[in-house]
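Listed below are the residues making up each chain.
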Amino acid sequence: MSTCFLPAHEIARRLRQGELTAVQTAEDLFEQIRRFDPQIKAYLSLNEEQALRTAQEVDAALQRGEELPPLAGMPVGVKDVICSKGEQVTCGSKILENFISPYDATVIRKLREQKALLIGKLNMDEFAMGSSTENSAYMKTRNPWDLERAPGGSSGGSAAAAAAGMAAVALGSDTGGSVRQPAAFCGTVGFKPTYGRISRFGLVAFASSLDQIGLLTRNVRDAALVLSSVCGNDPLDSTSADIPVPDFTDSLQSGLEGMRVGVPREYFIDGLDPEVEAAVQAAIQTLKNLGAQTDELSLPHTEYGVATYYIIAPAEASSNLARYDGIRYGYRSSNGGGLLDTYRKTRGEGFGDEVKRRIMIGAYALSAGYYDAYYLKAMKARTLVKQDFDRAFENFDLIVSPTAPTPAFKLGEMTDDPLQMYLSDVFTIPASLAGLPGVSIPCGFSGGGLPIGLQLLGKPFDEESVLRAAYAFEQSAGLHDLRPPLMEGS
């Protein structure tokens with residue numbers, strides 16, 4: 001029987017009990033990829049030889065009776081925005097199509113030290129700019145629950161791989177919802193830690209004050225297991241927090257008795273799909289049945305979240321992406337008639353439409369005469385959004401909401417309407433602006449059989465409460481063992 005849908009923590013247990021080998025786990029995983037990825041298109045590249053070699057090392061260590069680290073033998077897919085030494089890192093962009101990373105991101109180094117099996121690089125919206133994984137320069141990833149629908153974005157490849165049993169764990173990145181929204185669309189767990197909890201060293205920058213590495217798994221325990229292994233202060237990242245890292249699995253079974261959960265009225269708005277609202281309201285009732293105390297609250301500046309984000313994030317992107325000039329690395333136009341013409345043509349040919357759109361928005365917002373009117377005002381609005389959350393957490397332990405306003409939309413349905421696409425992150429953006437930890441977990445299905453996500457948000461660096469509540473709900477709802485119909489029998 002294939003091991004590709006075994007939970008990560010169960011793989012770890014079976015390896016140590018001698019019921020499973022790491023090589024078998026890897027071989028099953030790559031067979032699953034060969035079988036389904038031609039339809040789903042989650043992976044941009046595979047590291048089969050290296051992963052099998054690591055699996056053999058894990059099995060040899062087990063034979064010698066050695067004690068293994070928690071993630072040894074764990075199949076992990078990596079969003080192609082995280083650097084791995086000696087491997088191509090494209091960020092889903094033509095402008096980096098030939099770039100080979102000279103170093104490992106800190107999170108990759110930690111996974112290698114743990115003897116995790118690094119399966120390959122996963123598709124994404126170009127430079128993490130998008131909500132559907134249709135902005136990749138290489139291919140469009142499809143949702144395993146319905147191949148005609150988007151997997152969400154920008155970590156759509158990561159969510160699709162986890163949902164389809166093509167990775168036990170997938171790394172993503174979350175700037176405005178890019179882990180949580182695709183998790184909701186693909187029926188997986190998507191966890192974004194507090195800004196600073198996981199080192200960003202080696203994460204290719206989009207918007208540096210917002211970017212955060214996150215996790216996509218098929219259950220909450222797996223997210224807690226991996227989070228415990230990849231967090232921690234890093235001298236290579238000045239934004240990483242120097243605070244203790246607990247074992248996040250320890251408190252999972254503490255239950256919800258007495259936990260105070262706020263329900264923001266601004267997250268139940270016109271435009272929210274009725275099936276999403278019904279599923280989320282039912283989930284809130286489940287939280288109450290499990291012992292949580294729920295009450296309505298107000299986050300009054302929520303309405304400014306999307307507009308604020310789409311000034312700050314493009315402004316930072318326009319600065320971060322200035323380095324891609326065709327001179328030092330990556331793609332260079334062969335048609336340049338001089339230095340400035342080479343710059344212009346390289347960036348014109350190498351960047352896709354969405355990246356160009358955001359660079360122009362950001363450059364405009366930062367330009368002389370407009371900085372105060374746009375960027376400075378957006379930074380003030382960001383402070384107001386954060387203060388809303390600060391006040392809310394004086395009375396509540398968690399905040400609950402829909403993850404996305406709709407289930408997965410059809411591929412191509414929103415590509416001609418960027419503003420409508422941006423609104424698919426309306427419920428995830430405020431927590432990113434405030435740097436809060438959050439998770440999306442499956443809470444139901446639409447009439448068409450598409451997953452619906454529930455979002456739980458916590459206080460800064462209180463990942464334990466977020467995971468504890470998510471685990472309690474997950475165990476009660478029983479949706480984490482379901483798999484897309486395409487994968488039935490695999």
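Structure shown above.
1. Digging into the pattern of salt bridges
Right, so step 1: Tallied over the full model, the rule gives 25 salt bridges.
Right, so step 2: For arginine 34, the salt bridge goes to glutamate 31, with nearest N and O atoms at 3.6 Å. On the criterion of helical spacing, the pair formed by arginine 34 and glutamate 31 is a turn pair, its members being three residues apart in helix H2 (residues 22-40).
Right, so step 3: Given the relative accessible area of 45%, arginine 34 is considered partly exposed.
Right, so step 4: In this structure glutamate 31 comes out as partly exposed when scored by relative accessible area, which is 44%.
Right, so step 5: Linking aspartate 341 and arginine 344 is a salt bridge whose minimum nitrogen-to-oxygen distance equals 2.6 Å. Taken together, the residues span about one helical turn, with aspartate 341 and arginine 344 both in helix H10 (residues 339-350) at a distance of three residues.
Right, so step 6: The class for aspartate 341 is buried, based on a relative accessible area of 18%.
Right, so step 7: Three or more residues are tied together by salt bridges with common partners; here these are Glu10, Arg13, Arg14 and Glu19.

2. Topic: the environment of serine 432
Right, so step 1: Looking at the secondary structure, you find serine 432 in helix H14 (residues 429-434).
Right, so step 2: Look past the residues within four positions of serine 432 in its chain and what remains in contact with it is Asp174, Thr175, Gly176, Gly177, Arg180, Lys192, Leu210 and Arg382.

3. Observations regarding the environment of alanine 105
Right, so step 1: With respect to the secondary-structure elements, alanine 105 resides in the loop between strand S2 (75-79) and helix H4 (106-113).
Right, so step 2: Judged by relative accessible area, alanine 105 falls into the buried class, the value being 0%.
Right, so step 3: As for alanine 105 and alanine 116, which are separated by 11 residues in sequence, their C-alpha atoms are 15 Å apart.
Right, so step 4: In this structure, alanine 105 is in contact with Ile82, Cys83, Phe201 and Gly202, ignoring residues within four places of it in sequence.

4. Quick word on a nonpolar patch on the surface
Right, so step 1: Taken together, the side chains of Tyr364, Tyr370 and Tyr374 present a nonpolar region at the surface, about 290 Å² in accessible area.
Right, so step 2: One can find tyrosine 374 in helix H12 (residues 372-392).

5. Describing the nonpolar core
Right, so step 1: In this structure, Met74, Ile82, Phe127 and Phe389 are the most contacted members of the largest nonpolar core, which totals 150 residues.
Right, so step 2: Ignoring sequence-local partners within four residues, the contact set of phenylalanine 389 consists of Tyr267, Leu299, Ile399, Pro430, Ala431, Ala434, Leu436 and Leu457.
Right, so step 3: Counting residues in hydrophobic clusters, the runner-up holds eight residues, among them Ala404, Ala408, Met414 and Met421.

6. Quick notes on the pairing of strand S6 (residues 213-217)
Right, so step 1: With five of five residues buried, S6 is to be regarded as a mostly interior element.
Right, so step 2: What you see with S6 is no split at all: Ile213, Leu215 and Thr217 on one side and Gly214 and Leu216 on the other are buried throughout.
Right, so step 3: Taken together, the five bridges between strand S4 (residues 169-173) and S6 define a ladder with antiparallel strand orientation. When the bridges of S6 are listed, serine 173 appears paired with isoleucine 213.

7. Points about the packing of aromatic side chains
Right, so step 1: Tallied over the entire structure, the rule returns 16 aromatic pairs.
Right, so step 2: Here the aromatic rings of phenylalanine 127 and phenylalanine 351 are separated by 6.0 Å at their centres, their planes lie at 70°, and the arrangement is edge-to-face. Highlighted residues: phenylalanine 127 in the loop between strand S3 (117-122) and helix H5 (156-163) and phenylalanine 351 in the loop between H10 and helix H11 (353-366), separated in sequence by 224 residues. Of the two residues, phenylalanine 127 and phenylalanine 351, both sit in the buried class.
Right, so step 3: Measuring from ring centre to ring centre gives 6.3 Å for tyrosine 370 and tyrosine 374, while their planes differ by 35°; the resulting arrangement is tilted.
Right, so step 4: A relative accessible area of 35% places tyrosine 370 in the partly exposed class.
Right, so step 5: A connected cluster of aromatic rings, assembled from ring pairs, spans Phe99, Phe127, Tyr324, Tyr329 and Phe351.
Right, so step 6: A cation sits over an aromatic face here: arginine 483 above phenylalanine 5, 4.0 Å from the ring centre.

Reading the values: rules and limits
Residues numbered from 1 in each chain as written. Predicted model: local features only at pLDDT ≥ 70, side-chain atom pairs only at ≥ 80, totals over all residues. Heavy atoms only, no water. Salt bridge = Lys/Arg side-chain N within 4 Å of Asp/Glu carboxyl O. Helix = DSSP H or I, 4+ residues; strand = E, 2+ residues; numbered from the N terminus. Buried < 20%, exposed > 50% of the residue type's maximum accessible area, 1.4 Å probe, protein only. Contact = heavy atoms within 4.5 Å. Patch = residues over 30% accessible without salt bridge, like charges linked within 9 Å, V, L, I, M, F, W, Y side chains within 5 Å. Areas by Shrake-Rupley, 256 points an atom, 1.4 Å probe, with all protein chains shown as cover. Core = buried A, V, L, I, M, F, W, Y, C linked by side-chain atoms within 4.5 Å. Pairing = 2+ DSSP bridges. Phe/Tyr/Trp six-rings, centres within 6.5 Å; stacked < 30°, edge-to-face > 60°. Lys NZ or Arg CZ within 6 Å of the ring centre and 35° of its normal.

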